[in-house]
Amino acid sequence: MSTRPTFTYEETDFISQDILVEITPHFLRERDQLVTAEYGPFRPNVPVVVPLWVALALKQSGSCTIELDDWFKLENILATQEREKTDAKQLQILPRCYVEQARTVSKYWLEDMPQQSGMASSLDILSLRKQKLRQSFRKLEQKLEDIDGLGFLSLQPEISNLELTLIRCFSCASMEMSTAMFSNWSLRVIQNCNSLFPSSKTPIPCSEKM
Amino acid sequence: MSDEDDEEEDARRMRNLNLDEAFEPVTSPVMRLKRAWVRERLAPEMMTREDALVEAVKTAVEAQERALTRRAETRAERGGGAEDASEKLMDNVMWVEVNRIKYLLREYARTRLRKIEAHAFYFLRTEEGQERLSERLSEAEQKYVRKYAIAVSEHYENVLKELPDGYRDAVKEFATKFATDEEEGSAMISKPKTDSFVFFRFREDVVNFVTGEDDDGNTDSVDLKRGAILLAKYSMFKDLLHTDPPKAELV
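Rules used in this analysis
- Residues numbered from 1 in each chain as written.
- Chains lettered and ligands numbered in written order.
- Predicted model: local features only at pLDDT ≥ 70, side-chain atom pairs only at ≥ 80, totals over all residues.
- Heavy atoms only, no water.
- Helix = DSSP H or I, 4+ residues; strand = E, 2+ residues; numbered from the N terminus.
- Buried < 20%, exposed > 50% of the residue type's maximum accessible area, 1.4 Å probe, protein only.
- Contact = heavy atoms within 4.5 Å.
- Areas by Shrake-Rupley, 256 points an atom, 1.4 Å probe, with all protein chains shown as cover.
- pLDDT = per-residue confidence, 0-100.
- Core = buried A, V, L, I, M, F, W, Y, C linked by side-chain atoms within 4.5 Å.
- Domains from an automatic or database assignment.
- Salt bridge = Lys/Arg side-chain N within 4 Å of Asp/Glu carboxyl O.
- Polar contact = N/O pair within 3.5 Å; in protein donor to acceptor, adjacent residues only side chain to side chain.
- Nonpolar A, V, L, I, M, F, W, Y, C, P; charged D, E, K, R; others polar.
- Pairing = 2+ DSSP bridges.
- Axes fitted to C-alpha atoms, helices over the stretch in contact; angles between N-to-C directions.

### Side note on the overall build of chain A
Piece 1. Secondary structure assignment for chain A yields 8 helices and 6 strands.
Piece 2. Listing every helix and strand of chain A by position from the N terminus yields α-β-β-β-β-α-β-α-α-α-α-β-α-α.
Piece 3. For chain A, the residues scored as buried account for 50% of the 210 residues in total.
Piece 4. Restricting to contacts in chain A with at least 6 residues of sequence separation, those with at least 24 account for 75%.
Piece 5. Approximately 10600 Å² of chain A is accessible, and the part contributed by carbon and sulfur atoms is 56%.

### Concerning the confidence of the model for chain B
Piece 1. Scored by pLDDT, chain B has a mean of 82; 80% of the residues are at 70 or more.
Piece 2. Interface predicted TM-score (ipTM) for the complex: 0.80; the corresponding pTM is 0.83.

### Here's the deal with the nonpolar core
Piece 1. Core analysis: the largest hydrophobic core is formed by 75 residues, its most contacted members being I23(A), L58(A), F200(B), L224(B) and F237(B).
Piece 2. The biggest single contributor to this core is helix α4 (residues 82-118) of chain B, with 9 residues.
Piece 3. A domain split of this core shows at least three residues from each of domain 1 (19-116) and domain 3 (193-251) of chain B.
Piece 4. Beyond its immediate sequence surroundings of up to four residues, I23(A) is in contact with V46(A), P47(A), V48(A), V50(A), A55(A), L58(A), C64(A), T65(A), I66(A) and E67(A).

### Some details on the interface of chain B and chain A
Piece 1. Each partner contributes residues to the interface: chain B has 53 residues there, and chain A has 51 residues.
Piece 2. With a shortest N-O distance of 3.4 Å, R100(B) and D18(A) are connected by a salt bridge.
Piece 3. In this assembly, chain B and chain A are joined by 13 residue pairs in polar contact (both at pLDDT 80 or more).
Piece 4. Contributions of two or more residues to the side of chain B that touches chain A are made by α1 (2-16), α2 (29-42), α3 (51-78), α4, β1 (197-202), β3 (219-224), β4 (229-233) and α9 (234-237) of chain B.
Piece 5. Broken down by element, the residue count for the side of chain B that touches chain A peaks at 15 residues, all from α4(B).

### Regarding the domain arrangement of chain B
Residue and element names in this part refer to chain B.
Piece 1. Taken domain by domain, chain B holds domain 1 (19-116), domain 2 (119-192) and domain 3 (193-251).
Piece 2. In this complex, domain 1 contributes 11 residues to the contact, which on the side of domain 3 involves 15 residues.
Piece 3. On inspection of domain 1 and its partner domain 3, the count reaches 1 salt bridge.
Piece 4. As a salt-bridge pair, E249 and R35 come within 3.8 Å of each other at their nearest N and O atoms.
Piece 5. For the interface between domain 1 and domain 3, the tally reads 1 residue pair in polar contact (both at pLDDT 80 or more).
Piece 6. Its residues placed into classes, the side of domain 1 that touches domain 3 shows 6 nonpolar, no polar and 5 charged.

### So, the pattern of salt bridges
Residue and element names in this part refer to chain B.
Piece 1. Inspection of every chain in the model, using the stated rule, returns 30 salt bridges over all chains.
Piece 2. Its salt-bridge partner being D91, residue R71 comes within 2.6 Å of it at the nearest N-O pair. Note that R71 is positioned in helix α3 and D91 in helix α4, a separation of 20 residues in sequence.
Piece 3. Classification of R71 by relative accessible area gives partly exposed; the value is 23%.

### Topic: the sheet that holds strand β5 (residues 64-67) of chain A
Residue and element names in this part refer to chain A.
Piece 1. Pairing in this open sheet of 3 strands is antiparallel, and the strands run β4-β1-β5 from one edge to the other. A single partner strand is all that each edge strand has here, and the edge strands are β4 (48-51) and β5. With strand direction ignored, the average angle separating the axes of adjacent strands in the sheet is 50°.
Piece 2. Sheet analysis places strand β1 (residues 20-25) next to β4, joined by 4 bridges and oriented antiparallel. Paired with L20 across the bridge in β4 is P51.
Piece 3. Across the sheet, helix α2 (residues 52-59) touches β1, β4 and β5, and the angle it forms with β4 is around 100°.

### A look at the pairing of strand β6 (residues 152-155) of chain A
Piece 1. Residues F152(A) and S154(A) line one face of β6(A) and the alternating positions L153(A) and L155(A) line the opposite face, and both faces are buried.
Piece 2. Judged from the 4 bridges that link them, β6(A) and β4(B) form a sheet pairing that is antiparallel. Looking at the pairing, F152(A) lines up with A232(B) of β4(B).

Structure, rendered in structure tokens:
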């Protein structure tokens, strides 16, 4: 098995910090031209949209408060958590970088957040989703797939960046291994063995959505 | 009422799938370089070097650094005031941005170098590799490959001279009269695995994309939807990564 290049937590944080968030600045400043784009004007108590890393940099000098996105507000996140629990298969719609956002906001804006359980709920949601992903991989293992035939698996589009990073090493390596095992040559060997020792399992084409 | 709800739901779903530019600004060269870095990191083979992007970003960063240093000097001369306090605040933010961009530039270079080092002999000793070398690597990277290969060969010569005859070559697995020239020449050369599995996400609908052809000439094709995520061999959808604008991306 080859070692797969995947991202570390610091790198996923770096990647996710370009998403736009709404902040309330506590200072006055006209528009400023940064390398990537122009931001501002900044007026006290007037919300403005900036990337998350700008919000973090301003926060460190105490110059702004962050407005929570809709999905992170307590009632919404508890509702999402409930839906994750009741729906055993489908992942709920959440922003692609929801874990990184939740972690960053909870780490740096803890005192501004109305209640802390938003963070606990988002961790709970992450473990529920990881469990669903694990289940779908387990289902895959139970069918002998003719992966060489179709050649790909589809995942739910609601999956987030961090979840993909978490499953990347394992899923890519195991797909490579099973492709190698179920190449035409080895399939013929297995089929010959099956005819000598009949078993109840039969190969099924791999086309089901996970 | 329900139509409006559906539309709102769709709009929110699209925004959350992060394919819309509004969610993360992607127009600037820095954002495009970030996407190039992610692609380079996740792809098993070398991508074409984004020379123009890297130069544009480097120039912009250097100009910004000079501007920030000048502003700091002017502020020191002025001696402080309310206007200076907010300027200093924004300058801190700008320095953070400069550091982020420099990190991105270094990461891009590091990722490419790591792949070059892993496949140095592939680039120099195989025909396919030599094509890739001239297409996708910059002049400086090509020089680096050659020097690296020489350094590694010299190192191996020093280490391998203790082994029996036939096992001393850096790239040949063993020299035997039974092996063919091709096997002898490339047995130990590490090639990029274009059949390794990666995650693709599709930015556009693609209808009837041909995924494979069997011996009878029958083709398998698949309809791809915008936002779909597939775990597939890199070689299957790699052409969609290079269309302009890209129809697929690696996640």
